[in-house]
Amino acid sequence: MTIQVVIKPNTYIDSVSLMSLSTKANQIEGIDQAIIAMGTEMNKEVIRNVGLMIPAIEEAKTSDLMIVVKADTDELCESAFVNINDLMTKKDTSTGGKGEVKYSTISSAATSIPEANLAIISVNGAYAAREAKKALENDLHVMLFSDNVGIEEEIELKKLAHEKGLLMMGPDCGTAIINNVGLAFSNAVRKGSIGVIGASGTGSQEISVRIHEFGGGISQLIGTGGRDLSEEVGGIMMLDSIRALEADAATKVIVLVSKPPAPSVEDKICAQIKQCTKPVVVWFIGGNEEKVTEAGGHFAKMSKEAALKAVLLTGADESKINKKALNIPLINEVRAKLTPEQKYIRGLFCGGTLCDEAMYAAMEKFNNVYSNIQKNPEYRLKDSNVSEEHTFIDFGDDEFTQGKPHPMIDPSTRIERFKQEAKDPSVGVIVMDFVLGFGSHEDPVGVMLPHIFEAKQQAEQEGRHLEILGYILGTDLDQQNYQGQIDKLIVSGATHASSSQNAGLLAREFVVKGE
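This is a predicted model, so every value here is computed, not measured.

## Considering the overall build of the protein
Of the regular secondary structure elements, the protein holds 19 helices and 19 strands. By the compact-globule yardstick of 24 Å for 515 residues, the protein fits well, its C-alpha radius of gyration being 23 Å. With the C-alpha coordinates of the protein rotated into their principal frame, the extents come out at 65 × 60 × 45 Å. A buried classification covers 55% of the 515 residues belonging to the protein. Here the analysis covers contacts within the protein between residues at least 6 apart in sequence; of these, 70% occur between residues at least 24 apart.

Rendered as structure tokens:
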């Protein structure tokens, strides 16, 4: 094996483009591994950890672009660089190159396009807060996709946005739908009267697709960034968003989505709900039902329940909604196939909130549930690469995405872990999500098919049944062909769950003994 690097001085490419480029580069024939990233210390550490570090990489500056390739021969590396350069210089010819204008600063863009009112920022975290502040100072709402922004900077930005009456979505905001336009990772859903405010990207996506399935639609979907409901930030963005949607004539019902919020922030949100003149559905995983109901809100324990309550609050006819209850005969059938040794669930997720929802469902029945995102330090994995008993992994967490594409774009890290878990004779069920929509992989189920076939065949040869449970987050309007993805999953011999909620409950019930 040989490792080569090309350093492009003072060449900046935003993180979204880098994720896409890295994914495509790793698909080039003959390449063992490729990383395309800016020359930050964090990215160098990632390169070091995966064994690709060579002296030339250490010399790269934060403003330099690094293209690192590992292949069998020098010739394959050099050929890969040519192909990667072609990917980087390939231009969109759909408009014939006409009418495209590029601006070097946010200020010049704001001046040239006075009707613009929103800036989407995806730059290195070291510069993201600076650019977001410029956008706010130019009276632009901001969606800040970038992560690795300091919490003090986040607070400063959100206070400035609050003073100016602007939205400051993020940092690390991966999902939004504004005026029926999907931003970053989002699904194609019908326009309607339900407004969603989410401190969780895939959690918000899940609510939006379930609302779509139940016949409702989205007025606005506002992302706050994952830290908004922390003690330090204090829910600034969610509180401002509740007020904004309350004032929005197109919004009739509001849904709030978050992983477990800080208790003091939950109190602030409940106080705002109490003042709100519109119905508010609250899905805070592990949240306090008593607080929400006392505030006049509608508490939902799980995602499908939250979406259903929201749709019904718009006046929908419940008798016409297919709620897709749990398949009890299927549960009994799978239990009968598993041996006594097959006691454990292994959850391998792209979406953090989807992982959380399945994990909390398991925690209701089991006290030995481990994860890389467990709030309880006693049950946080000592090594995220080694499972313990019931284990749920969020592959979208920072430890897996530093210097690498998100698993919704590049599933290679999860595929390797899947192959590892499938060999464990104590595993009864492997549950996975497949996220469709804007920004996601064009065929997330398809890339898993050969590995599912192989794992099930190997298990069968060893005299055991391996239950593989898949949930596809998407709609009939998404570009990846929702029904086609379901069909592929079923053909592989895996079981299809109709919602994130049902996936978590089915995985849990499959391995419950003696019931």
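## Details of the nonpolar core
In terms of nonpolar packing, the biggest core is built from 35 residues, with Ile345, Phe392, Leu469 and Phe510 touching the most fellow members. Elements with a contribution of two residues or more to this core: α13 (328–337), β14 (344–349), α14 (352–363), β17 (427–435), β18 (467–473) and α19 (500–511). With 29 residues, the next largest nonpolar core counts Leu167, Ile254, Val282 and Ala295 among its residues.

## Description of the side chain of Lys304
Inspection of the secondary structure puts Lys304 in helix α12 (residues 303–313). Glu213 provides the closest opposite charge to the buried, salt-bridge-free Lys304, at an N-O distance of 7.1 Å.

## Observations concerning helix α9 (residues 236–246)
Most of α9 sits inside the fold, with eight of its 11 residues counted as buried. Residues of α9 that are buried: Ile236, Met237, Met238, Leu239, Asp240, Ser241, Ile242 and Leu245.

## A short note on unusual backbone geometry
Cis rather than trans, the peptide bond between Gly170 and Pro171 has omega equal to 10 degrees. Looking at the secondary structure, you find Pro171 in the loop between β6 (168–169) and β7 (175–178). Despite not being glycine, Ala184 shows a phi value in the positive range, around 55 degrees. The phi dihedral of Glu389 falls on the positive side, at around 45 degrees, and the residue is not glycine. Along the chain, the position of Glu389 falls in the loop between β15 (369–371) and β16 (390–394). Assessed through its relative accessible area of 30%, Glu389 is described here as partly exposed.

## Quick notes on the sheet that holds strand β1 (residues 2–8)
Taking strand neighbours across the sheet as the criterion, the three strands line up as β1-β3-β2 in an open arrangement whose pairing is antiparallel. Only two strands of the sheet have a single neighbouring strand rather than two, namely β1 and β2 (31–38). Put simply, the sheet's adjacent strands are angled 10 degrees from each other on average, direction ignored. Looking at chain direction, β2 and strand β3 (residues 65–71) are connected through seven bridges and run antiparallel. When the sheet's bridge partners are listed, Ile36 is paired in β3 with Ile67. Along the sheet, helix α2 (residues 41–49) contacts β2 and β3; its crossing angle with β3, the most-contacted strand, is approximately 5 degrees. Relative to the sheet, helix α4 (residues 74–89) contacts β1, β2 and β3, its axis offset from that of β3 by approximately 140 degrees.

## Focus: the sheet that holds β14
The strand order across the open sheet formed by six strands is β15-β16-β14-β17-β18-β19, and the pairing between neighbours is parallel. Bordering the open sheet on either side are β15 and β19 (495–497), each of which pairs with just one other strand. Neighbour-to-neighbour, the strand axes of the sheet open up by a mean angle of 20 degrees, direction not taken into account. Where β14 lies against β16, four bridges are found, and the strand directions are parallel.

## Considering the packing of helix α7 (residues 151–164) against α9
Two numbers describe how α7 lies on α9: the axes approach to 10 Å, and their chain directions differ by 20 degrees. Between α7 and α9, the angle falls in the class roughly parallel. The element α7 and its partner α9 pack so that their crossing is left-handed. Here α7 contributes Lys158, Lys159 and His162 to the contact with α9, which in turn contributes Ile236, Met237, Asp240 and Arg243. Looking at the contact of α7 with α9 residue by residue, the class counts come to two nonpolar, one polar and four charged.

## Here we look at α2
Within α2 the residues assigned to the buried category are Asn43, Lys44, Val46 and Ile47. Projected down its long axis, α2 shows its buried positions confined to an angular sector of 155 degrees, all on one face. Away from its buried face by more than 90 degrees, α2 exposes Glu41 and Asn49. In this fold, the buried residues of α2 make contact with β2, α3 (55–58) and β3. Following α2 by one or two positions, Gly51 has its phi on the positive side, about 80 degrees.

## Some details on the packing of helix α6 (residues 125–137) against α7
Packing of α6 against α7 leaves a shortest axis separation of 10 Å and a crossing angle of 5 degrees. As judged from the angle between their axes, α6 and α7 are roughly parallel. Taking contact as the criterion, the partners of Ala129, Ala132, Lys133, Leu136 and Glu137 in α6 are, on α7, Glu153, Glu156, Leu157, Leu160, Ala161 and Lys164. Here the contact of α6 with α7 is built from residues that sort into six nonpolar, no polar and five charged.

## What about the packing of aromatic side chains?
Summed over the entire model, instances satisfying the criterion amount to three aromatic pairs. Measuring from ring centre to ring centre gives 4.9 Å for Phe395 and Phe400, while their planes differ by 50 degrees; the resulting arrangement is tilted. The class for Phe395 is buried, based on a relative accessible area of 3%. Looking at Arg414, its charged tip hangs above the ring of Phe434, at a distance of 5.1 Å from the centre.

Rules behind the numbers
Residues numbered from 1 in each chain as written. Predicted model: local features only at pLDDT ≥ 70, side-chain atom pairs only at ≥ 80, totals over all residues. Heavy atoms only, no water. Helix = DSSP H or I, 4+ residues; strand = E, 2+ residues; numbered from the N terminus. Rg over C-alpha atoms; globule rule 2.2 N^0.38 Å. Buried < 20%, exposed > 50% of the residue type's maximum accessible area, 1.4 Å probe, protein only. Contact = heavy atoms within 4.5 Å. Core = buried A, V, L, I, M, F, W, Y, C linked by side-chain atoms within 4.5 Å. Lys, Arg positive; Asp, Glu negative; His and termini not counted. Salt bridge = Lys/Arg side-chain N within 4 Å of Asp/Glu carboxyl O. Pairing = 2+ DSSP bridges. Axes fitted to C-alpha atoms, helices over the stretch in contact; angles between N-to-C directions. Parallel < 35°, antiparallel > 145°, perpendicular 65-115°, else oblique. Left-handed = near helix turned anticlockwise from the far one by under 90°. Nonpolar A, V, L, I, M, F, W, Y, C, P; charged D, E, K, R; others polar. Arc of directions from axis to C-beta. Phe/Tyr/Trp six-rings, centres within 6.5 Å; stacked < 30°, edge-to-face > 60°. Lys NZ or Arg CZ within 6 Å of the ring centre and 35° of its normal.

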